[in-house]
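Tertiary structure, described
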Amino acid sequence: DHELLARAHLSRAWILNWLGRAGDAIGEGMQALDHAEQAGSSALVNEAAGAVASAMRWGPTPWAELERFIDERVAAGGGRLGSRLGAGMLNYRPAADAARGDLDLARRRFAQRRQELSERGATAFLHRLTMDEAFLELRAGEFAVAARILEDAWRGLEEAREHGFRSTIGTLLAESLAH
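First things first, this report covers the structure right here in the doc. Remember, it's a predicted structure, so these values are computed and weren't measured experimentally.

**Things to note about the overall build of the protein chain**
When helices and strands are counted, the protein chain shows 10 helices and 0 strands. Along the protein chain, helices (α) and strands (β) appear in the sequence α-α-α-α-α-α-α-α-α-α when read from the amino end. The globule rule puts the C-alpha radius of gyration for 179 residues at 16 Å, and the 17 Å found for the protein chain is close to it. Taken over the C-alpha atoms alone, the protein chain extends approximately 55 × 35 × 30 Å along its principal axes. A total of 179 residues make up the protein chain; the buried ones form 46% of that total. Within the protein chain, contacts between residues at least 6 apart in sequence are counted, and of these 55% link residues at least 24 apart.

**A closer look at the environment of S41**
The residue S41 is located in the loop between α2 (22-39) and α3 (42-58) in this model. For the pair formed by S41 and E3, sequence separation is 38 residues and the distance between their alpha carbons is 7.5 Å.

**Some details on the packing of aromatic side chains**
Taken as a whole and judged by the stated rule, the model has 0 aromatic pairs. Above the plane of the ring of W154 lies R166, whose end atom (NZ or CZ) is 3.5 Å from the centre.

**Quick look at unusual backbone geometry**
Even without a glycine there, the phi angle at R161 is positive, about 60 degrees. Structurally, R161 can be placed in the loop between α9 (143-159) and α10 (164-178). The exposed category is assigned to R161, whose relative accessible area is 71%.

**A short note on the environment of A55**
Residue placement: A55 occurs in helix α3. Classification of A55 by relative accessible area gives buried; the value is 0%. Every residue in contact with A55, bar those within four places of it in the chain, is listed here: N17, A22, A25 and I26.

**Here we look at the pattern of salt bridges**
When charged atoms on two side chains of opposite charge get close, those side chains can pair. The full count for this structure, using the stated rule, is 17 salt bridges. Linking R57 and D132 is a salt bridge whose minimum nitrogen-to-oxygen distance equals 2.4 Å. Here the residue R57 occupies a position in helix α3, and D132 occupies one in helix α8 (residues 123-139), the gap between them amounting to 75 residues. Between E133 and R114 there is a salt bridge, with the nearest N and O atoms lying 2.5 Å from each other. A residue pair is termed long-range when its members are at least 10 positions apart, and E133 in helix α8 and R114 in helix α7 (residues 103-120) qualify at 19 residues. Overall, R114 belongs to the partly exposed group, its relative accessible area being 26%. Through salt bridges that share partners, E67, D71, R93, D97, R100 and R109 make up one connected network.

**Details of the nonpolar core**
Core analysis: the largest hydrophobic core is formed by 25 residues, its most contacted members being L10, F69 and M89. Of all the elements in the fold, those that place two or more residues in this core are α1 (2-18), α2, α3 and α4 (63-76). The element contributing the most residues to this core is α3, with 9 residues. When residues no more than four places from it in sequence are discounted, the contact partners of F69 are M30, L33, A49, V52, A53, M56 and M89.

Criteria and thresholds
Residues numbered from 1 in each chain as written. Predicted model: local features only at pLDDT ≥ 70, side-chain atom pairs only at ≥ 80, totals over all residues. Heavy atoms only, no water. Helix = DSSP H or I, 4+ residues; strand = E, 2+ residues; numbered from the N terminus. Rg over C-alpha atoms; globule rule 2.2 N^0.38 Å. Buried < 20%, exposed > 50% of the residue type's maximum accessible area, 1.4 Å probe, protein only. Contact = heavy atoms within 4.5 Å. Phe/Tyr/Trp six-rings, centres within 6.5 Å; stacked < 30°, edge-to-face > 60°. Lys NZ or Arg CZ within 6 Å of the ring centre and 35° of its normal. Salt bridge = Lys/Arg side-chain N within 4 Å of Asp/Glu carboxyl O. Core = buried A, V, L, I, M, F, W, Y, C linked by side-chain atoms within 4.5 Å.

Below, the structure is given as structure tokens:
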């Protein structure tokens with residue numbers, strides 16, 4: 001059963017990714033993607049693609065390869081990524097732009113993602129986006145800008161009683177304030 005195999009590989013991909021084994025997570029995610037496509041489940045395809053992109057983002061994958069993967073998935077989806085996990089991979093495009101040094105393009109793409117998430121009311125995902133957005137500003141030496149972005153997320157995540165991402169936001173906020 002391809003759907004069952006896709007779900008099993010997908011679960012392993014996320015677990016491996018969170019354990020810091022990004023390379024293994026990519027392999028499991030690609031298997032999940034293959035089975036999801038064979039099952040004809042666009043939701044599973046999007047989720048598997050999101051898992052692969054996440055592992056690529058946080059692992060040793062070259063930025064150009066991550067960008068190529070995202071562009072291929074967006075093209076395969078006709079310009080859209082239906083699920084929230086699939087669409088989440090769009091957060092990694094501006095991070096890749098920033099890593100390559102194109103900070104202006106990264107800022108424009110972050111602004112676009114921020115607007116899309118705000119319009120959808122995806123507040124938690126909006127605050128999650130600030131981690132990558134703040135990395136860009138820290139890299140650019142714009143510490144006050146990074147602090148403003150992170151303070152907004154810090155307060156928003158406090159209101160939501162979210163602690164996981166908030167702890168990371170807090171360390172980045174401390175770094176921006178220390179400069």
